[in-house]
Amino acid sequence: MCLGVPARILAVADAGRMTVLADMLGEEREVNLSCLAGPDEPPVAWIGDWVLVHLGFALSRITEADALTTLDMLRQLDEAEDGRGHLKASLIG
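Residues numbered from 1 in each chain as written. Predicted model: local features only at pLDDT ≥ 70, side-chain atom pairs only at ≥ 80, totals over all residues. Heavy atoms only, no water.

J.: Summarise helix 1 (residues 64-80); cite the residues concerned and give the values.
T.: Between its terminal C-alpha atoms helix 1 stretches 24 Å, which fits the 24 Å expected from 17 residues at 1.5 Å a residue. Inspection of helix 1 places Ala67, Leu71 and Ala80 among the buried residues, and these make up the whole buried set. Residues of helix 1 that are buried in the fold lie against strand 1 (5-14), strand 4 (50-54) and strand 5 (57-62). (Helix = DSSP H or I, 4+ residues; strand = E, 2+ residues; numbered from the N terminus. Expected span 1.5 Å × (residues − 1). Buried < 20%, exposed > 50% of the residue type's maximum accessible area, 1.4 Å probe, protein only. Contact = heavy atoms within 4.5 Å.)

J.: Could you give an account of the pattern of salt bridges, naming the residues involved and the relevant values?
T.: Tallied over the entire structure, the rule returns five salt bridges. A salt bridge links Glu41 to Arg61; its shortest N-O distance comes to 3.7 Å. In this pair, Glu41 is assigned in the loop between strand 3 (27-32) and strand 4 and Arg61 in strand 5, connecting sequence segments 20 residues apart. The class of Glu41 is partly exposed, set by a relative accessible area of 25%. Taking the shortest distance from any N to any O, the salt bridge between Arg61 and Asp49 comes out at 2.9 Å. Separated by 12 residues along the polypeptide, Arg61 in strand 5 and Asp49 in the loop between strand 3 and strand 4 bring together distant segments of the chain. Note on Arg61: relative accessible area 42%, which makes it partly exposed. Taken together, the shared-partner salt bridges in this structure form one network comprising Asp14, Arg17 and Glu30. (Salt bridge = Lys/Arg side-chain N within 4 Å of Asp/Glu carboxyl O.)

J.: Account for the environment of Phe57, naming residues and giving values.
T.: Take Phe57: it is sitting in strand 5. Residue Phe57 is classed as partly exposed on the basis of its relative accessible area, which comes to 34%. Considered as a pair, Phe57 and Leu33 are 24 residues apart in the sequence and their alpha carbons are 6.3 Å apart. If sequence neighbours within four positions are ignored, Phe57 has contacts with Val31, Asn32, Ser34, Cys35 and Leu52.

Functional significance is not addressed by these values, which are geometric in nature.
And the structure:
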């Protein structure tokens with residue numbers, strides 16, 4: 001299964017390579033915008049925007065509301081796991 005994780009773009013890392021620094025789950029990560037940004041759209045224009053990231057590439061631009069909803073669901077999933085990727089026994093009866 002593939003999972004896109006919401007990230008908020010903070011700054012330009014390398015405009016020539018179309019990479020930015022983004023806050024992803026509380027950590028700064030380098031993200032490539034080349035799948036989304038047009039050739040005449042500089043990475044600086046994306047600062048403050050939210051994107052879904054998979055394997056270091058921004059795959060879609062999303063709203064802040066959608067990003068926060070997705071992040072909340074990811075936190076709930078994390079809390080429901082037992083550390084081995086299984087649901088906690090107390091949640092499944």
